[in-house]
Amino acid sequence: MAALAASGTFTVRWRRAAAAGALALAAGLLGACASDPGRIAPGTPRAEAQQALGQPTARYPLPGGGERWQYSYQPNGQRVVNIDLDAAGRVARRYEALTEANLARIAADQWTRDDVLREFGRPARVQGVHNFKGEIWVWRYADGPTWRLLFIDIDPQGTVRGWSAGDEPLPDADFDTR
């Protein structure tokens with residue numbers, strides 16, 4: 001450690017880490033200034049909702065001529081808020097997509113990649129495992145004070161084969177890195 005500090009490498013790394021942290025904090029504060037999509041009232045006209053919320057991260061057509069606006073905070077956040085507009089262009093409903101109750105709706109062997117995207121948006125990350133030929137899509141979410149991960153297994157044909165949830169491993173705040 002003393003050799004690193006003496007060489008200046010430690011100082012450079014520390015400054016880079018501090019700068020990255022400051023940028024992340026600034027981005028978070030700017031994001032907090034935007035209107036919360038979870039607070040938009042049903043019946044709000046499209047133009048008013050657009051002005052209050054800004055551009056959604058994704059848009060999906062709904063049956064009957066409606067449209068879903070999705071506001072995702074992935075990959076670093078833990079929320080996905082869906083706002084459904086009716087055919088007349090008014091907010092019909094809004095809800096948090098990443099809840100335990102909503103996860104229970106996932107239908108293995110029936111849902112497709114498109115169903116998953118429409119409901120939960122783009123995952124925080126995509127990974128593979130040796131014993132499954134498809135992809136594992138992963139989202140971060142909070143269940144009360146517990147940070148969780150949602151894993152959805154999607155086969156090469158785009159069909160959901162299963163899903164699971166688990167606690168997100170977090171760094172130990174008491175772990176001394178000195």
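Structure's up top.
The following refers to the structure shown. Once a new chain begins, its residue numbering starts again from 1 and follows that chain's sequence as written. Predicted model: local features are reported for residues with pLDDT of at least 70 only, side-chain atom pairs are reported and counted for 80 or more only, and whole-chain, interface and lining totals are derived from all residues. Only hydrogens and water are set aside; all other atoms, that is, all heavy atoms of the structure, feed into the side-chain values.

With respect to the pairing of strand β8 (residues 160-167)
Side-chain positions along a regular strand alternate between the two faces of the sheet.
For step 1, the next point in the chain: Here, a strand pair is defined by DSSP locating no fewer than two bridges between the strands. Elements are defined by DSSP. Helices are runs of H or I of four residues or more, strands are runs of E of two residues or more, and each kind is numbered from the N terminus. As defined by bridge partners, strand β7 (residues 146-154) adjoins β8 across 7 bridges and the pair is classed as antiparallel. Pairing of Phe151 across the sheet is with Ser164, part of β8.
For step 2, the next point in the chain: Hairpin connection between β7 and β8: a loop of 5 residues separates the two successive antiparallel strands, and Gly158 in this loop has a positive phi of roughly 90 degrees.

Side note on the sheet that holds strand β6 (residues 132-143)
For step 1, the next point in the chain: Strand order across the open sheet formed by 4 strands is β5-β6-β7-β8, with antiparallel pairing between neighbours. With partners counted over all chains shown, the strands left at the sheet margins are β5 (125-129) and β8, one partner each. Here the strands of the sheet are splayed against their neighbours by 30 degrees on average, with no regard to which way each runs. Here an axis means a line fitted to C-alpha atoms, over the contact stretch when the element is a helix, while the angle between two N-to-C directions is reported on a 0 to 180 degree scale.

Section: the side chain of Arg68
For step 1, the next point in the chain: Relative to the helices and strands, Arg68 is located in strand β2 (residues 67-72).
For step 2, the next point in the chain: Judged by relative accessible area, Arg68 falls into the buried class, the value being 5%.
For step 3, the next point in the chain: There is a polar contact of 2.6 Å between the side chain of Arg68 and the side chain of Asp84.
For step 4, the next point in the chain: A distance of 3.1 Å separates the side chain of Arg68 from the backbone oxygen of Arg118, its partner in a polar contact.
For step 5, the next point in the chain: Not counting chain neighbours up to four residues away, the residues in contact with Arg68 comprise Ala58, Arg59, Tyr60, Leu62, Asn82, Ile83, Asp84, Arg93, Tyr95, Arg118 and Glu119. Only protein chains enter the calculation, and the probe is 1.4 Å; a residue is then buried if its accessible area is under 20% of its type maximum, exposed if over 50%, and partly exposed in between. Contacts described as polar in this section are N or O atom pairs within 3.5 Å, which, within protein, must combine one atom able to donate a hydrogen with one able to accept it, while residues neighboring in sequence count only if both atoms come from side chains. Residue contacts are counted whenever heavy atoms from the two residues lie within 4.5 Å of one another.

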